[in-house]
Every structure is written in structure tokens, then in C-alpha cells.
Amino acid sequence: MNEIRGALERKLKDRSAIMAVLGMGYVGLPLAVVFAEAGFEVLGIDPDTRKIDALTAGESYIGDVTSEQVAGLVKPKKLRPTADFAELAKADLVSICVPTPLRKTGDPDLSFIVSATEKLAEHLHTGMIIVLESTSYPGTTRELVLQLLTEKSGLTVGEDFFLAFSPERVDPGRTDWTTLNMPKVIGGVTPACSELAALWYGQALQAVVPVSSAEVAEMAKLLENTFRMVNIGLVNEMALMCNRLGINVWEVIEAAATKPFGFMKFTPGPGLGGHCIPIDPLYLSWKLKSLNYTARFIELASEINTNMPRYVVTRVVEALNNHAKPLNGSRVLVLGAAYKPDIDDLRESPALDVIGLLREKKAKVSYHDPQITHIDHEDWAMDSVPDYLKAAKEADVVVIVTNHAAYDYAALLKGSQLIVDTRNAYGKNMDPKVVRL
Ligand SMILES: NC(=O)c1ccc[n+]([C@@H]2O[C@H](COP(=O)([O-])OP(=O)(O)OC[C@H]3O[C@@H](n4cnc5c(N)ncnc54)[C@H](O)[C@@H]3O)[C@@H](O)[C@H]2O)c1
């Protein structure tokens, strides 16, 4: 074993290694907290000074982390939020948790990984372990990150420093599977990289799953998210087909789900949302296109899922038509803006498309979300109505886009004229006022 590796192993085991997390968002902040709580000194680095100021003041802006946790770690300097990248020079361990969105063209936007890695490269030193957590296409860690790190340094990966990929799998808002107990897949660009990264993560996380390469770890994440995307696409198409056939898709799904094996329940909805499922598989299909291969399942599921907000609007048009009303000029209340229940995350939410399409068709649209009080989106902005029950009484139709638990569905039903329920919030209640997806 080389000396560098031996020294690192000792520092990991006695927790004297200093860790830095690049990106204090949904993924980075919980990771930084878990390691700080496990006894590591953690630098939380982010160029967004509002985030750094909030953390410095002991405030959390992420649902899965409490302000008490942040304050309890920031005060004794176990977690040190900073916008100063020069602090990276002190770090032995660096996790990169920066965004990987799509460009307007639908191509991967790797600019955040590139800028974070370039900053890290300025401070790369022997004895550093780096783990990329941002979801990307297979090859990103080796072809992009490694190349940027070694361009100027002259250091050798697997000997002088160590590099691995470990996908983040958290499901924001979930309490049974968290950053702490979610099995963590890790694959290094060399066997030594895998071993050291696994040793590091195993100091704080409950289950580490080493794999043979960074590419396997990258692809595992994309398999997981493609699996969800394709199954959601399938069940959304089931909803379209059931509608044509005059069958209740929700009842069909419940019946199929009684099979004790070989079936996994997915539910239809107004479209995909969040930072992962609508985006990550497109990183894979983009990479495959460069190899002259079309990822057919991904393209098909993406097409079906992307059209769901438009389908919701056609169902609203039909529902109003049955009440002899045109959508043009009708008052439509959209309930729920977050991409899934009981969180405040608006990213890629289908509510944005549903509201935009309703506005395009000249409906008088308002919305309510208990956690999202204002939306500023492309060419429109709106405040959440303060009282959804009052607004529902005044609306020609209510469209449930996100079935938040906080809603009083019985009172809503009582006070509304018509409800388009895209999430089956009313379950077995077959009230004729409720139109299901
Ligand atoms: N949110 C999730 O549920 C989730 C789940 C699994 C995987 N992921 C993946 O994890 C990655 C991060 O996602 P997120 O949800 O935490 O994003 P986020 O937008 O919440 O946080 C990313 C943070 O990185 C910061 N940042 C931008 N450029 C930076 C730079 N050069 N250096 C340091 N920080 C920088 C941003 O200011 C932001 O605070 C993405 O690749 C995403 O696909 C997210």
C-alpha cells in the first residue's frame, strides 16, 4: 500500500480528514449534515451566497434537514458554510453535488460539473478523494472530471489522488429512506479509488455498495431512473387507453396490484416532475445518440409523459363542455404546484405546463399550493390564492394537479362545481362532480 493511501485510511478512520461538499442543495446539504453528525469537519461550499448566509444563520432551506440540525452543527464549526472555493485547499475529501439540468435544446448541461471541477482542480493535491454525485451519462467521471483534474496537475489517479462516482438516490420528503440509510453505490475509476471512496462513505452511511467501475455506478443510477420513467410512461398510456375504452384506470391498477409477484404498481398523473426522472434518462439517450444508437424506450416514454399536461387540459375542456362552458373565460383553480405531494419543489413540475396551457387557451387561471406562495415562470407570474376553499367555490372547475395531504378533500368536493382529479385524490368516491384522469 502506498504512503498516501495509508495516511488517508488513518484520517478516515479517526475522522480527522476534512470534507468539502460542492453544492449545498437538495443532495449536498443532507450529505454534509450526515458526515458532520458522524464527526467529520465539513466545509459546505456554494457560490449562492443566499444559501451560505442562511446556513451561517443556522437556517435550513431543505425540507429533509431541520434548522436545529444546521444550527447545531454550524455553531461548533462542525459544518462550515462558505462561498470561498479557496477553502478547498484544506479538504481531503470532496463530494461534488452540483446541478445537471438540460439545455433548452434537450441536451445535457454539464457546465456546473465543469465549473465546480475546474475550481477543484486549482486546489487538487495528493491524498484527496473526490466523489462525483451529480447524475450524468456513463463516462462523465472518467472522460470529463478526470481529464479536467489531471490536465494541469500532473497527479496520477489511483496513486496520488482518488476519484469515484456515487449516485445520489434520495427521494425528497421521504422519511423511511434517507441519505443516512439509503444503500450507496460507489464505483471508482481504479480499484484503489473504489476502495477508498467506499471506506470514506462507509464511515457515516449505513450501507455502501461497491461496484467495479465509475461507469457501472453511473449506469446503475440511469437504470433506476429510466425504469421509473418508462413505467410511468406505460401507466400514463394505460390511462389514455382506458379513457378511450371507458374503463376506470385506477380500478384496473388496484386490481392488477393484487398480484403478489411480477407486478409493480405505478400510477398515472399530470406528467413528470422533479430534477431526476424527466431529465436523467435523457442524459443516457443523448450519450447513446453519439454512438448511433436510439434509446427507444426512453424516447417513447418521454413523448407520452411530456404530453400528459396537454391531455389534462383536454380533459378540463371536456369536463367544462359537459357543463356547457368553454374553457375560454372560465375560472380554473389549479390545486397543488409542487411536482409531488407534500414537498415545496417546483422544478419541472407539470403544474407549470398545465397552468401555461390553460392560460394560452384564455382560461382565468389561479393556483394554490400550501408551500409555494409565488410562481415566476417564463412569461407569467402568479401568487397562490390565500384560501383554496373560497377560490374553489368561485371557480368553474378545480384541477387537482398535486394531491397534498394538507387539503380538505371533503370540504373541497362540497364547495366545488366541478373537479378534474389527475391524482385519484377521491379514490373510490364516485361523486359525479369528480372527473378522473
Ligand atoms: N434533488 C434530488 O432529489 C436528487 C436526487 C438524486 C440525484 N440528484 C442529482 O444530484 C445533483 C444535485 O441536485 P440537487 O437537487 O442537489 O440540486 P440543487 O440545485 O438543489 O443544488 C445544487 C447546488 O449547487 C450549487 N452550485 C452550482 N454551481 C456550483 C459550483 N460550481 N460549485 C459549487 N456549487 C455549485 C447551486 O448553487 C446549488 O445550491 C444533480 O445532478 C441531480 O440530478 C438529485
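Everything discussed here concerns the structure shown above.
Residues numbered from 1 in each chain as written. Predicted model: local features only at pLDDT ≥ 70, side-chain atom pairs only at ≥ 80, totals over all residues. Heavy atoms only, no water.

(A) Representation of the environment of Phe165 in the model. Along the polypeptide, Phe165 turns up in strand β6 (residues 162-165). Each C-alpha atom, one on Phe165 and one on Glu133, is 6.1 Å from the other, the two residues being 32 residues apart in sequence. Apart from the residues lying within four places of it in its own chain, the contact partners of Phe165 are Val131, Leu132, Glu133, Ser134, Thr135, Thr141, Val185, Ile186, Gly187, Ala214, Ala217 and Glu218. (Helix = DSSP H or I, 4+ residues; strand = E, 2+ residues; numbered from the N terminus. Contact = heavy atoms within 4.5 Å.)

(B) Here's a closer look at the side chain of Asp421. Positionally, Asp421 belongs in strand β14 (residues 419-421). In this structure Asp421 is buried but unpaired, with Arg436 as the nearest side chain of opposite charge at 5.0 Å. Side-chain polar atoms of Asp421 contact the backbone nitrogen of Arg423, separated by 3.1 Å. Among the polar contacts listed, one links the side chain of Asp421 to the backbone nitrogen of Tyr426, at a separation of 3.0 Å. (Buried < 20%, exposed > 50% of the residue type's maximum accessible area, 1.4 Å probe, protein only. Lys, Arg positive; Asp, Glu negative; His and termini not counted. Salt bridge = Lys/Arg side-chain N within 4 Å of Asp/Glu carboxyl O. Polar contact = N/O pair within 3.5 Å; in protein donor to acceptor, adjacent residues only side chain to side chain.)

(C) The arrangement of the site of the ligand in detail. The full set close to the ligand counts 27 residues, and Val27, Asp46, Lys51, Thr100 and Thr135 are the nearest of them. Residue Lys51 places a side-chain N or O atom 2.8 Å away from an oxygen atom belonging to the ligand. One nitrogen or oxygen atom from the side chain of Thr100 is found 2.5 Å from an oxygen atom belonging to the ligand. When the free accessible area of the ligand is taken as 830 Å², the share hidden by the protein chains comes to 93%. The element best represented in the shell around the ligand is helix α5 (residues 111-121), accounting for three residues. Considering only residue class, the shell around the ligand consists of 14 nonpolar, seven polar and six charged. (Near = heavy atom within 4 Å. Areas by Shrake-Rupley, 256 points an atom, 1.4 Å probe, with all protein chains shown as cover. Nonpolar A, V, L, I, M, F, W, Y, C, P; charged D, E, K, R; others polar.)

(D) Examining a nonpolar patch on the surface more closely. Residues Met238, Met241, Leu245, Ile247 and Val252 make up a contiguous nonpolar surface patch of about 430 Å² in total accessible area. The element contributing the most residues to the nonpolar patch is helix α8 (residues 214-245), with three residues. With respect to the helices and strands, the residue Met241 is situated in helix α8. (Patch = residues over 30% accessible without salt bridge, like charges linked within 9 Å, V, L, I, M, F, W, Y side chains within 5 Å.)

(E) Here's a closer look at helix α10 (residues 280-289). Most of α10 is tucked away: eight of the 10 residues are buried. On its buried face, α10 is in contact with α6 (140-153), α8 and α11 (296-306).

(F) Examining the pairing of strand β8 (residues 208-211) more closely. Both strand β7 (residues 184-188) and β8 contribute to a ladder of four bridges, which runs parallel. Looking at the pairing, Val185 lines up with Val209 of β8. Note that the unit made of β7, helix α7 (residues 191-202) and β8 has a crossover that is right-handed. (Pairing = 2+ DSSP bridges. Right-handed = clockwise from strand over helix to strand, strands pointing away.)

(G) Spatial organisation of the packing of α10 against α11. Packing of α10 against α11 leaves a shortest axis separation of 9 Å and a crossing angle of 135°. By the angle class used here, α10 and α11 are oblique. The way α10 lies across α11 gives a crossing that is left-handed. Between α10 and α11, the residues in contact are Pro281, Leu282, Leu284, Ser285 and Lys289 and Ile298, Glu299 and Ser302, respectively. (Axes fitted to C-alpha atoms, helices over the stretch in contact; angles between N-to-C directions. Parallel < 35°, antiparallel > 145°, perpendicular 65-115°, else oblique. Left-handed = near helix turned anticlockwise from the far one by under 90°.)

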